[in-house]
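Residue strings, one per chain:
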Amino acid sequence: LPRTVLISGCSSGIGLELAVQLARDSRQRYQVVATMRDLGKKGTLEAAAGEALGQTLTVAQMDVRSDESMAQCLRCIQGGDVDVLVNNAGVGLVGPLEGLSLATMQRVFDTNFFGAVRLVKAVLPGMKRRRQGHIVVVSSVMGLQGVVFNDVYAASKFALEGFFESLAIQLLQFNIFISLVEPGPVGTAFEEKLLEQVSAAQFPGADPDTLHYFRDLYLPASRELFRSLGQSPQDVAQAIVKVISSARPPLRLQTNARYSALTALKAADPSGRLYVWSAHRLLFRWPGLLIRALRCLACGCFPSRVLPG
Ligand code: NAD
């Protein structure tokens, strides 16, 4: 029997690609329920799904911030059983902390963290009863290490990492697996939406120095990061398909090997100094070198040509 896979946030990006790749599985191992907040945006997914639509892929409405839309969506799943849950829906937030309202920060947590928690609470009783299941979480490399001016977004991904690592221990007892997938930068609408937010935002309350660092140092570096190290949503979806089809799925998977040189800076020094000081120096003292370092990462010659000694 095909496994029922429920995915959140499928109107674009990684969620859309994943839904299509699973639905088009040559061995037809999956029945995909691709959900999105706004069904008005289902056109792109339906076109990409082609013949799979109505066969191995159905589209359903679900806002991960609403218990009601979630309950309604789950009622529509045949048998009500979800074998694989993919928590993909997420939003970004960048900018100086002083210029962001608490309500804005809480919305990020409500989507990225509590959205996943809500869904897990809804599907877990069924998975436990059947003694099987797989919960995949689209986290981020920012769930592993903080990145300047991404304080709240990184915190929401750290929250996911702590929550699901804790849960993973209990759930092994029920034969349920958890996988945290950690992409680096991905070329989706995600970055465009962030840049739009940023160009419209005034960040009232942020001082001129901080605003200067954000706009003139961070933003160009971030653009370069996406340009040189960005992965395609197809690649990330492919990595997730592999995790879903694995008999012993990993708890963590970084999808971008070129980015791993940066996450290694944290792993190499548990005091945290190496990562924080390197990131600080590169951004604030030698921003030109940072751009070079990112290009070297992209071609694989980092860190030998960038960090002397
Ligand atoms: P995206 O913006 O194309 O996709 C995010 C999806 O989540 C969109 O379809 C959006 O409509 C949906 N969404 C937002 N709020 C929702 C809600 N309340 N209910 C239901 N759906 C909602 O961007 P993406 O890059 O495909 O992002 C997918 C996931 O990947 C996110 O969790 C994101 O944090 C993560 N991620 C993205 C990147 C990147 O650089 N793009 C890097 C690492 C991790």
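The rules behind the values
Residues numbered from 1 in each chain as written. Predicted model: local features only at pLDDT ≥ 70, side-chain atom pairs only at ≥ 80, totals over all residues. Heavy atoms only, no water. Axes fitted to C-alpha atoms, helices over the stretch in contact; angles between N-to-C directions. Helix = DSSP H or I, 4+ residues; strand = E, 2+ residues; numbered from the N terminus. Parallel < 35°, antiparallel > 145°, perpendicular 65-115°, else oblique. Left-handed = near helix turned anticlockwise from the far one by under 90°. Contact = heavy atoms within 4.5 Å. Nonpolar A, V, L, I, M, F, W, Y, C, P; charged D, E, K, R; others polar. Patch = residues over 30% accessible without salt bridge, like charges linked within 9 Å, V, L, I, M, F, W, Y side chains within 5 Å. Areas by Shrake-Rupley, 256 points an atom, 1.4 Å probe, with all protein chains shown as cover. Salt bridge = Lys/Arg side-chain N within 4 Å of Asp/Glu carboxyl O. Buried < 20%, exposed > 50% of the residue type's maximum accessible area, 1.4 Å probe, protein only. Expected span 1.5 Å × (residues − 1). Bend = angle between axes of the 7 residues up to and from the residue. Near = heavy atom within 4 Å. Polar contact = N/O pair within 3.5 Å; in protein donor to acceptor, adjacent residues only side chain to side chain. Domains from an automatic or database assignment. Buried area = accessible area lost by both parts, 1.4 Å probe.

Q: Can you help me understand the packing of helix α1 (residues 13-23) against helix α9 (residues 233-245) in this one?
A: A packed helix pair is summarised by two numbers, namely the angle formed by the two axes and the spacing between the axes. It is the contact of α1 with α9, at a shortest axis distance of 8 Å, that shows an interaxial angle of 55 degrees. Taken together, α1 and α9 sit at an angle that is classed as oblique. The element α1 and its partner α9 pack so that their crossing is right-handed. For the pair α1 and α9, contact is made by G13, I14, E17, L18, Q21 and L22 and by P233, Q234, V236, A237, Q238, I240, V241 and I244, respectively. Split into classes, the residues belonging to the contact of α1 with α9 amount to 9 nonpolar, 4 polar and 1 charged.

Q: Would you mind showing me how to read a nonpolar patch on the surface here?
A: A cluster of nonpolar residues, V148, Y213 and F284, forms a patch on the protein surface that exposes about 220 Å² of accessible area. For V148, a relative accessible area of 36% gives the class partly exposed.

Q: What exactly am I supposed to notice about helix α8 (residues 208-229) here?
A: Every α-helical turn comprises 3.6 residues, leaving residues that sit three or four positions apart pointing alike. In this model, α8 (22 residues) spans 30 Å end to end at C-alpha, consistent with the 32 Å of a helix rising 1.5 Å per residue. Along its length, α8 reaches its greatest deviation from straightness, about 35 degrees, at Y218, and the proline P220 lies no more than four positions downstream. The complete set of buried residues in α8 reads T210, F214, L217, Y218, L219, A221, S222, E224, L225, F226, S228 and L229. Against α7 (189-200), α11 (273-285) and α12 (287-299) lie the buried residues of α8.

Q: What's the story with the site of the ligand in this structure? I'm lost.
A: Around the ligand, a shell composed of 28 residues is seen, among which S12, N88, Y153, T188 and K193 lie nearest. Separating an oxygen atom of the ligand from a backbone N or O atom of G90 is a distance of 3.5 Å. In the model, an oxygen atom of the ligand is placed 2.6 Å from a nitrogen or oxygen of the K193 side chain. About the coverage of the ligand: the protein hides 97% of its 820 Å² of free accessible area. For the shell around the ligand, the secondary-structure elements that each account for two or more residues are α1, α6 (151-172) and α7. Per-class residue counts for the shell around the ligand are 12 nonpolar, 11 polar and 5 charged.

Q: What exactly am I supposed to notice about the domain arrangement of the protein here?
A: Often the size quoted for an interface is simply the accessible area lost on bringing the parts together. Each assigned domain of the protein is listed with its residue range as follows: domain 1 (3-211 + 230-256) and domain 2 (259-309). Facing the 11 residues of domain 1 at the interface are 7 residues of domain 2. Between domain 1 and domain 2, a total of about 810 Å² is buried, with carbon and sulfur atoms accounting for 53% of that surface. Among the residues of domain 1 in contact with domain 2, Q145, Q254 and N256 are the three that bury the most area, contributing 52% of the side total. Viewed at the interface, domain 2 and domain 1 are joined by 0 salt bridges. Here domain 1 and domain 2 share 8 residue pairs in polar contact (both at pLDDT 80 or more) between them.

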